[in-house]
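Here is how the chains run, residue by residue.
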Amino acid sequence: MIRIEQVALREIRLPLKEPFRISSGEVKERRILLVELKPADGERVWAECVASERPNYSSETIDTARIALRDYVAPRVLGTPFDDPGPVHSLLEKDVRGHRMAKAAVEMGIWAIAAERNGVSLTRQLRGERSRIPVGISLGIQTSPDALVAKAATSASAGYRKIKLKIEPGADIEYVAAVRAALPNAPLMVDANNAYTLADADHLARLDDFELIMIEQPLEHEDVVRHAALQRRLRTPLCLDESITSVNRAEDMIELGSGRIINIKPGRVGGFTESLAIHDLCVRHRVPVWCGGMLETGIGRAYNVALATLPGFTIAGDISPSARYWERDVVTPAWTLDADGMMPVPIDRPGIGVDVDEDWIEDLTMMRETIDAR
Ligand code: OSB
Ligand code: MG
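Predicted, not measured: the structure shown is a model, and the values here were computed from it.

Points about helix 3 (residues 100-117)
- Taking 1.5 Å as the rise per residue, helix 3 with 18 residues should run 26 Å; its terminal C-alpha atoms sit 25 Å apart, in good agreement.
- Where helix 3 terminates, the next one or two residues include G119, which has phi positive at roughly 70°.

Given below as structure tokens:
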């Protein structure tokens, strides 16, 4: 049985090695919300809330997530006994709308506690199967096509199995054309983070010339209907990210033909139970999935890595190694990329599979708050 007796929240700040720009904004230094769950009997586990500083990806922010965790999420789980993590998701959904990233941090942490309790890795707890996973990189919007070509070429040489180019109006066709010309065989895709409307369909159709694996979330963050209309006008598969907030939205996408691929971010859908439901639905419908990223530290990355070992994750994830993001990650060993573009998975280490560098986290801590069972 699992019973949480304390939830500790803390904010750390960690500068990215290079600024990361998407169509809706840029981040240079991350403000990150880490969560520690203390079970009544057993080791504490660390989890990460993937909310960004500003609400430019989803409506959640690190600050709204902290309040949601303090006032709604933590009180729901504190003192409540669970036989396994399965029921946590529906308990957190009941009468509390949204706040999925806040909920996910706790839900996923409870999966890690279950793994420790069973003496298995988080990967095996999720019934993941692979001991290495294919790795992709997400390249932010650059100031010129040449600058993007340079980044993409370096990424191709490093062995990345998928290279994602962030685009927006004014930094799209010309940029992608330059990268494709320089790297004729590279596995390329683009991600627009909602920067277009259906009126841009003819413009977006020009991307069909570049043999892209997919175009990720070109339209509005909650849309499925217009994406279906757009998909009918494109040869390139659409992939939905922001729009897929639950297994029901995934069903809507499949039913309406709004896309042919799904980017699963467990934080975006409220945790692992919902991620597994989306994965299983997609496997049944032969819809490929891959694991997205939110510029996580090594803690959040451990959870993404474990999820990405499931069989439906047939496309390289945005799960780059620690050194892509940080001078010094908060876990040891750091997450790595081998010469084949694969990341080794700690499939036989109990729990999240890496050690958390608590001294380093202490140095980086800006704020802390603990919530106890009443
Ligand atoms: O749309 O996938 C996205 C980062 C922040 C917000 C949204 C997105 C991203 C990424 C980063 O693409 C992927 C990574 O963590 O490397
Ligand atoms: Mg995306």
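What to know about the packing of helix 1 (residues 62-77) against helix 3
- The interhelical angle for the contact between helix 1 and helix 3, taken along N-to-C directions, is 45°, at an axis separation of 8 Å. As judged from the angle between their axes, helix 1 and helix 3 are oblique. Viewed along their axes, helix 1 and helix 3 form a crossing whose handedness is right-handed. Between helix 1 and helix 3, the contacting residues are A65, A68, L69, V73 and V77 on the first element and A102, K103, V106 and I110 on the second.

Points about the site of ligand 1
- If you check the shell around ligand 1, you find 15 residues, and the closest are S138, N193, K265, L295 and Y325.
- Separating an oxygen atom of ligand 1 from a side-chain N or O atom of K265 is a distance of 2.9 Å.
- Between M294 and ligand 1, the recorded distance is 3.3 Å, taken from a backbone N or O atom to an oxygen atom.
- For ligand 1, whose free accessible area comes to 390 Å², the fraction covered by protein is 97%.
- In terms of residue class, the shell around ligand 1 is made up of 5 nonpolar, 3 polar and 7 charged.

Notes on the pattern of salt bridges
- Considering all chains together, one arrives at 35 salt bridges under this definition.
- Here E36 ties to R44 by a salt bridge, and the two come within 2.0 Å at their closest N and O atoms.
- In this structure E36 comes out as buried when scored by relative accessible area, which is 5%.
- Judged by its relative accessible area of 34%, R44 is partly exposed.
- Notably, a salt bridge pairs R70 with E369, separated by 3.8 Å at the nearest N-O pair. Here R70 is found in helix 1, whereas its partner E369 is found in strand 16 (residues 365-372), with 299 residues between them in sequence.
- Take R70: its relative accessible area is 32%, and that puts it in the partly exposed class.
- Through salt bridges with shared partners, one network takes in R10, E36, R44, E358, E362 and R368.

What about the coordination of the magnesium ion (ligand 2)?
- Looking at the metal site, the magnesium ion (ligand 2) is ligated by D191 (OD), E216 (OE) and D241 (OD), spaced 2.2 to 2.3 Å from it.
- Along the chain, the residues donating to the magnesium ion (ligand 2) fall in the pattern D-x24-E-x24-D. Taken together, the residues span a long stretch of sequence, with D191 in strand 8 (residues 188-191) and E216 in strand 9 (residues 215-216) at a distance of 25 residues. For the pair shown, D191 and E216 are each scored as buried.

So, the environment of R249
- Its location among the elements puts R249 in helix 9 (residues 247-256).
- Under the relative-accessibility criterion, R249 is labelled partly exposed at 31%.
- Between the C-alpha atoms of R249 and E222, which are 27 residues apart in sequence, the distance is 9.4 Å.

Concerning the nonpolar core
- With 123 residues, the main nonpolar core has L207 and I262 as its most contacted residues.
- Ranked by the residues each element gives to this core, the list is headed by helix 3, at 11 residues.
- A domain-level breakdown of this core finds at least three residues from each of domain 1 (2-119 + 354-372) and domain 2 (125-344).
- Counting 6 residues, the second-largest nonpolar core is a separate cluster that includes M189, M214, I261 and I315.

Here we look at the packing of helix 9 against helix 10 (residues 272-284)
- Viewed as axis vectors pointing N to C, helix 9 and helix 10 meet at an angle of 20°, and their least axial separation amounts to 9 Å. Our classification of the angle between helix 9 and helix 10 gives roughly parallel. Crossing of helix 9 against helix 10: the hand is right-handed. Residues V247, A250, E251 and I254 of helix 9 touch helix 10, and the partners they reach there are E274, A277, I278 and L281.
- Here the residues of the contact of helix 9 with helix 10 sort into 6 nonpolar, no polar and 2 charged.

Observations concerning the domain arrangement of the protein chain
- According to the domain assignment, the protein chain consists of domain 1 (2-119 + 354-372) and domain 2 (125-344).
- Using only C-alpha atoms to locate each centre, domain 1 and domain 2 end up separated by 23 Å.
- Listed as interface residues are 42 residues of domain 1 and, on the opposing side, 48 residues of domain 2.
- Carbon and sulfur atoms make up 61% of the surface buried where domain 1 meets domain 2, a total of about 4000 Å² over both sides.
- On inspection of domain 1 and its partner domain 2, the count reaches 4 salt bridges.
- The residue R328 makes a salt bridge to D357 at a minimum N-O spacing of 3.0 Å.

Considering the packing of aromatic side chains
- Tallying each qualifying case throughout the model produces 3 aromatic pairs.
- When the centroid spacing of 6.1 Å and the interplanar angle of 90° are considered together, the rings of W111 and F272 count as edge-to-face. With W111 in helix 3 and F272 in helix 10, this residue pair connects regions lying 161 residues apart in the sequence. As far as burial versus exposure is concerned, W111 and F272 are alike and both buried.
- Measuring from ring centre to ring centre gives 6.1 Å for Y325 and W326, while their planes differ by 35°; the resulting arrangement is tilted. Take Y325 and W326: they sit in the same class, and that class is buried.
- When the ring centre of W290 is taken as reference, the NZ or CZ atom of K162 above it lies at 3.7 Å.

What counts as what
- Every chain is numbered independently, its residues counted from 1 as its sequence is written.
- The order in which chains are written sets their letters, starting at A; the order in which ligands are written sets their numbers, starting at 1.
- Residue-level local features of this predicted model are given only where pLDDT is at least 70; pairs of side-chain atoms are given and counted only at 80 or more, and the full residue set underlies all totals for whole chains, interfaces and linings.
- Water and hydrogen atoms were dropped before computing side-chain values, which therefore reflect all heavy atoms in the structure.
- Strands here mean DSSP runs of E at least two residues long; helices mean DSSP runs of H or I at least four residues long; both are numbered from the N terminus.
- A helix's residues, less one, multiplied by 1.5 Å, set its expected span.
- Under this scheme, a helix contributes an axis fitted over its contacting stretch, all axes are lines through C-alpha atoms, and angles between N-to-C directions fall in the 0 to 180 degree range.
- Convention used here: angles under 35 degrees read as roughly parallel, angles over 145 as roughly antiparallel, angles from 65 to 115 as roughly perpendicular, and any remaining angle as oblique.
- Note on convention: near helix rotated counterclockwise from far helix by under a right angle means a left-handed crossing. Clockwise means right-handed.
- Working rule for contacts: check all heavy atoms of both residues, and any pair within 4.5 Å makes them a contact.
- Summary of the distance rule: residues count as near a molecule or strand when at least one heavy atom falls within 4 Å of that molecule or strand.
- Counting of polar contacts relies on pairs of N or O atoms within 3.5 Å, with two restrictions inside protein: one atom must be capable of donating a hydrogen and the other of accepting it, and residues adjacent in sequence are counted only when both atoms are side-chain atoms.
- Residue exposure ignores everything except the shown protein chains as possible cover, and the areas themselves are Shrake-Rupley values with a 1.4 Å probe.
- The classification used treats Ala, Val, Leu, Ile, Met, Phe, Trp, Tyr, Cys and Pro as nonpolar, Asp, Glu, Lys and Arg as charged, and all other residues, Gly among them, as polar.
- Salt bridges, as used here, are contacts in which a Lys or Arg side-chain nitrogen is within 4 Å of a carboxyl oxygen on Asp or Glu.
- When accessible area is computed with a 1.4 Å probe and restricted to protein chains, residues below 20% of their type maximum are described as buried, those above 50% as exposed, and intermediate ones as partly exposed.
- Each metal's donors are the N, O and S atoms found within 2.8 Å of it, except that Na, K and Ca use a 3.2 Å limit; water is left out, so coordination can look incomplete.
- We define a nonpolar core as any set of buried Ala, Val, Leu, Ile, Met, Phe, Trp, Tyr and Cys residues linked to one another through side-chain atoms lying within 4.5 Å.
- Per the annotation, domain bounds derive from an automatic or database assignment of domains.
- Once two parts are put together, the accessible area they lose, assessed with a 1.4 Å probe and summed over both, is termed the buried area.
- Aromatic pairs are defined between Phe, Tyr and Trp rings, using the six-membered ring for Trp, whenever the two ring centres lie within 6.5 Å; interplanar angles under 30 degrees are classed as stacked, those over 60 as edge-to-face, and all others as tilted.
- Geometrically, a lysine NZ or arginine CZ counts as sitting over a ring once it is within 6 Å of the ring centre and also within 35 degrees of the ring normal.

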